[in-house]
Amino acid sequence: MKKITVYCELNLKNYTMLPVSYELISKAVELSRQAFELKKEQYSVEAVALGSNLDEDSLKKALNAGANRVVLVKNKTLSAFSQTIFAQSFIEYYLKNKSEVILFPATPYGRILAPRITTILNTGLVADCTGLDFILKNDELKLAPTRPTFGSELMATILSKKFPQCATVRPNTFVANFGLNADGQYCEFEPCEYSETRVKLLRTMLEKNTTDVNFDNAKVVLAAGFGLSEGKDKKYYLRLEELAKKINAKLACTRKVADFDLLPREFQIGQTGSNVVADVYIAFGISGAIQHVSGMKNSKTIIAINTDENADIFKYSDYKITADAKKIIDEMLEILS
Ligand SMILES: Cc1cc2nc3c(=O)[nH]c(=O)nc-3n(C[C@H](O)[C@H](O)[C@H](O)COP(=O)(O)OP(=O)(O)OC[C@H]3O[C@@H](n4cnc5c(N)ncnc54)[C@H](O)[C@@H]3O)c2cc1C
């Protein structure tokens, strides 16, 4: 049977899979259905994690998301991240368990590993895909990843001439679905104990002065656009932050807001920022540029407040409020005070 491999990144402190792993497994399950519909070909989904252990709950979730097999590539050299050791260990496993497609997460580590692995495998890589489908080309099933190009003015679909066909996908691009089949298998593979030749890891430490912003599992997101600006005065960004704290929501912003130093870059949503799939996404004074929309359009309910009734953001919104967003922030804070 043909196969789709999903590289599942582990948090090496507690051996849990990053949530993007389940999103990619769910997408791979969807691709396997497509393969059957288009060409009656059976594809299995294999989730491969590297580390010295795997959290039991993560294993259950990977199986529930539809992985037919979860593999832990395991030995003690994989307890801390090293790009060479991780790449070599993955490749050793892969060469004994080849597949047609490999999906990698576009996380900081995924972005380091995917190009290294695909270069060694002498194949191509489509980075930061926003869509993944199978298509039939000359009666052959091909992976057709889509990604923005030319400053996001166009969407390009890029087919690989070589196998395996590989792609990276940013977190929150696809939605994880659980409750499919939990009767997949689990197995372990022990690679050689490779040693790092060039870089020696002495210790790991948390970077200072960074804002810990994580949009995974965000329920309500309040997103600030440039429409809240008053020159260099950050008043309405601070007021929105206050509102977010009061209702236990996450604060986010557009790139223009970060460019003008009105909020830290880590809050930026969109093509060059984070992706978010929130239950409720409220856009305050955001125009709706495609580079921003690509990072939030999968949110379940989108509410936009803009003074311009023709603003593009309204095309993507479930609720459209033509009003001054600053006044709405003031009123909401007053109600909650
Ligand atoms: C390669 C590339 C990558 C990019 N990546 C990203 C990305 O990841 N994320 C991102 O966000 N952008 C990205 N951008 C920038 C993007 O194109 C837009 O410039 C940006 O999103 C605009 O931000 P904005 O909507 O806050 O500001 P503006 O475009 O200036 O819009 C402000 C909006 O606020 C409204 N407004 C004004 N006053 C009020 C008020 N009082 N109340 C309510 N509404 C009001 C206006 O009508 C307007 O619609 C990228 C651009 C490029 C070229």
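Residues numbered from 1 in each chain as written. Predicted model: local features only at pLDDT ≥ 70, side-chain atom pairs only at ≥ 80, totals over all residues.

Caption draft 1: Structural detail: the overall build of the protein. Scanning the protein for helices and strands turns up 8 helices and 17 strands. For 337 residues, the compact-globule formula gives about 20 Å, and the C-alpha radius of gyration of the protein, at 22 Å, lands near that figure. If one aligns the C-alpha atoms of the protein with their principal axes, the spans along those axes are about 60 × 50 × 35 Å. When each of the 337 residues of the protein is scored for burial, the buried share is 42%. Sequence-distant contacts in the protein: of pairs separated by 6 or more residues, those separated by 24 or more amount to 66%. (Helix = DSSP H or I, 4+ residues; strand = E, 2+ residues; numbered from the N terminus. Rg over C-alpha atoms; globule rule 2.2 N^0.38 Å. Buried ≥ 20, exposed ≤ 12 C-beta atoms within 10 Å, placed from the backbone. Contact = placed C-beta atoms within 7 Å.)

Caption draft 2: Structural detail: the site of the ligand. Close contacts around the ligand come from 30 residues, with Gly225, Gly227, Gly270, Ser287 and His292 the closest. If you list the elements that add at least two residues to the shell around the ligand, you get α6 (255-259), α7 (290-293), β16 (301-306) and α8 (325-336). Counted by class, the shell around the ligand contains 8 nonpolar, 17 polar and 5 charged residues. (Near = placed C-beta within 6 Å. Nonpolar A, V, L, I, M, F, W, Y, C, P; charged D, E, K, R; others polar.)

Caption draft 3: Representation of the nonpolar core in the model. Core analysis: the biggest nonpolar cluster contains 55 residues, and Val6, Ile25, Ala28, Ala47, Ala49, Ala62 and Leu103 have the highest contact counts within it. Of all the elements, helix α1 (residues 20-39) adds the most residues to this core, at 8 residues. Aside from chain neighbours lying at most four places away, what touches Val6 is Ser21, Leu24, Ile25, Ala28, Val45, Glu46, Ala47, Val48 and Leu103. Formed by 38 residues, the second largest nonpolar core is a distinct cluster that contains Leu228, Tyr237, Leu251 and Leu262. (Core = buried A, V, L, I, M, F, W, Y, C linked by C-beta atoms within 7 Å.)

Honestly, it's all geometry; don't read function into it.
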